[in-house]
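Residues per chain, in single letters:
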Amino acid sequence: MDHLDTLRCFIAVADAGGFAAAARRLGVSATAVTRAIAALEARLSVLLFQRSTRTVRLTEAGERFLLDCRLILTDLQEAEQAAGGGQAEPQGLLAITAPQMFGMRHVAPIVQAFLHAQPRVQVRTLFVNRLVHLLEEGMDVAIRIAHLPDSGLTAVQVGSLRRLVVASPAYLAQHGEPRHPDELAAHRAIGFSFDNNSVSPWKFKEGVVGQPHFSWISNSNEVDIAAAESGLGLTRCLAYQAAQGVRAGRLRVVLAAHEPPPVPVHIVYPAGRRAPAKVRAFVEFARERLSAEPVLQGRGLTRNS
């Protein structure tokens, strides 16, 4: 094998999770694949895979090298297409991450439509409520709901999300509607916590703080919304999380006059190297659709919006 074929072989082993499976994909013998990886490790003076009788896993160095190999081969392919006068076509594996609930409600439908439009692309999604480091975890694109720090990433803002306090009409009829954050101390609430341990006081406009009595603390936004809809108390959430319940009349927004500024929503992807065609295509595809989403533009909380 020449050096480029060896790199393709390395990627195939990483994707297939084994030498024999990679050999079948490549149409070569398992012995040839084993020798190619051994020669590559000798050339780099580093172990790329941890081998056992049952599994083949990338080492930390192997994971870093895999990211670089994918970029190198993608750049080469697009350069060859450009030299031949062709347009780079989106293809290959695209890894996308987003917050869990936002991913399921808003990103998954976009991915479905994108795959119909781009049949040569395969997608891997990671919907989790934690900060995913794109390069370290092999992700191509992230949806971030936050004020972003300065970084080497390219960010495209597609909207923002209101931070709401909501409760069911039944709860408000029984306990009254708070008109100011100071009144929250007399109310029950369902709080969200990443570590399922403690909940920070709720902050409002101009630094005002409210502290309800948290009768339930959960690490799931879906649980919090369902509990609020059942009448257990107030909960705080982003607008997209409560939009369905508010439009259906199961929830009402309270303390709207005291809301803090909305949280921006960005599509983020690594900069520095030219983004592959698959990334550019998905970013533009998602930008158009998310920018048209009413709840990201301050609407979407009424039946007609």
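Because the structure is predicted, anything quoted here is derived from the model rather than measured.

About the thresholds
Residues numbered from 1 in each chain as written. Predicted model: local features only at pLDDT ≥ 70, side-chain atom pairs only at ≥ 80, totals over all residues. Heavy atoms only, no water. Helix = DSSP H or I, 4+ residues; strand = E, 2+ residues; numbered from the N terminus. Rg over C-alpha atoms; globule rule 2.2 N^0.38 Å. Buried < 20%, exposed > 50% of the residue type's maximum accessible area, 1.4 Å probe, protein only. Contact = heavy atoms within 4.5 Å. Areas by Shrake-Rupley, 256 points an atom, 1.4 Å probe, with all protein chains shown as cover. Phe/Tyr/Trp six-rings, centres within 6.5 Å; stacked < 30°, edge-to-face > 60°. Lys NZ or Arg CZ within 6 Å of the ring centre and 35° of its normal. Pairing = 2+ DSSP bridges. Axes fitted to C-alpha atoms, helices over the stretch in contact; angles between N-to-C directions. Patch = residues over 30% accessible without salt bridge, like charges linked within 9 Å, V, L, I, M, F, W, Y side chains within 5 Å. Salt bridge = Lys/Arg side-chain N within 4 Å of Asp/Glu carboxyl O. Core = buried A, V, L, I, M, F, W, Y, C linked by side-chain atoms within 4.5 Å. Expected span 1.5 Å × (residues − 1). Polar contact = N/O pair within 3.5 Å; in protein donor to acceptor, adjacent residues only side chain to side chain.

Enquirer: Would you mind going over the overall build of the protein with me for this structure?
Expert: Looking only at helices and strands, the protein has 9 helices and 14 strands in total. For a compact globule of 305 residues, the expected C-alpha radius of gyration is about 19 Å, and the protein comes in at 24 Å, more than 25% above that figure. Viewed in the frame of its principal axes, the protein has a C-alpha envelope of about 75 × 45 × 30 Å. Looking at the protein as a whole, 41% of its 305 residues qualify as buried. The long-range share in the protein, meaning contacts at least 24 apart out of those at least 6 apart in sequence, stands at 72%. For the protein, the accessible surface area stands at approximately 15700 Å², while carbon and sulfur atoms represent 51% of it.

Enquirer: So what exactly am I meant to see when it comes to the packing of aromatic side chains here?
Expert: Aromatic ring pairs: the centre-centre distance and the angle between the two ring planes describe each pair. Counted according to the given criterion, the structure contains 7 aromatic pairs. A ring pair is formed by F114 and F282, whose centres lie 5.2 Å apart and whose planes are at 85°; its orientation type is edge-to-face. One end of the pair, F114, is in helix α5 (residues 100-117); the other, F282, is in helix α9 (residues 277-291), with 168 residues separating them in the sequence. By relative accessible area, F282 is classed as buried at 1%. Here the aromatic cluster, defined as three or more aromatic residues joined through ring pairs, consists of F10, F19, F49 and F65. Its guanidinium or amino end placed over the ring of F204, R236 lies 4.7 Å from that ring's centre, counting from NZ or CZ. Positioned above the aromatic ring of F285, the side-chain terminus of R289 is 3.5 Å from the ring centre.

Enquirer: What exactly am I supposed to notice about the sheet that holds strand β8 (residues 188-192) here?
Expert: Pairing is mixed across the open sheet formed by 5 strands, whose spatial order is β11-β8-β12-β7-β13. Edge positions in the sheet fall to β11 (213-218) and β13 (252-254), since each has one partner strand and no second. The sheet shows a mean angle of 40° between the axes of neighbouring strands, direction not considered. Relative to β11, β8 is paired through 5 bridges, and the arrangement is parallel.

Enquirer: It is not clear to me how a nonpolar patch on the surface should be interpreted in this structure. Could you clarify?
Expert: A cluster of nonpolar side chains, namely M1, L26 and V28, defines an oily patch on the protein surface of about 250 Å² accessible area. Note on placement: V28 falls in the loop between α2 (19-26) and α3 (30-44).

Enquirer: Got a minute to help me understand the nonpolar core in this structure?
Expert: Grouped burial of nonpolar side chains is what soluble globular proteins tend to show. Among the nonpolar cores identified, the biggest contains 44 residues, and F102, V141, L161 and F282 are the most heavily contacted of them. Apart from the residues lying within four places of it in its own chain, the contact partners of F102 are V107, I143, I145, Y240, V265, L290 and L296.

Enquirer: Would you mind going over the sheet that holds strand β5 (residues 141-145) with me for this structure?
Expert: Strand pairing in a sheet is mediated by backbone hydrogen bonds. Such pairs are either parallel or antiparallel. Judged by pairing direction, the sheet is mixed, and its 5 strands sit side by side in the order β4-β3-β5-β14-β6 without closing on themselves. The sheet terminates laterally at β4 (121-127) and β6 (153-161), the two strands that pair on one side only. For this sheet the average axis-to-axis angle between neighbouring strands, irrespective of direction, equals 20°. Taken together, the 7 bridges between strand β3 (residues 92-98) and β4 define a ladder with parallel strand orientation.

Enquirer: Is there a simple way to explain the side chain of H266 in this structure?
Expert: One can find H266 in strand β14 (residues 263-270). Owing to a relative accessible area of 10%, H266 belongs among the buried residues under this scheme. Once residues lying within four places of it in the same chain are set aside, the contact partners of H266 are A142, I143, R144, A146, L148, A155, V156 and Q157.

Enquirer: Can you walk me through helix α1 (residues 3-16) in this structure?
Expert: An α-helical turn contains 3.6 residues, so any two residues separated by three or four positions project in the same direction. For α1, which comprises 14 residues, the first-to-last C-alpha distance of 20 Å matches the rise-based estimate of 20 Å (1.5 Å per residue) to within 8%. Two to three positions downstream of the cap, the backbone nitrogen of L4 sits 3.2 Å from a side-chain oxygen, assigning the N-cap of α1 to D2.

Enquirer: How do you make sense of the side chain of T59 when you look at a structure like this?
Expert: In this structure, T59 sits in the loop between β2 (56-58) and α4 (60-83). Exposure remark for T59: the relative accessible area of 10% places this residue in the buried category. There is a polar contact of 2.6 Å between the side chain of T59 and the backbone oxygen of L47. Polar contacts involving the side chain of T59 include one to the main-chain amide nitrogen of G62, which spans 3.0 Å. Contact partners of T59, with chain neighbours within four places excluded, come to L47, L48, F49 and Q50.

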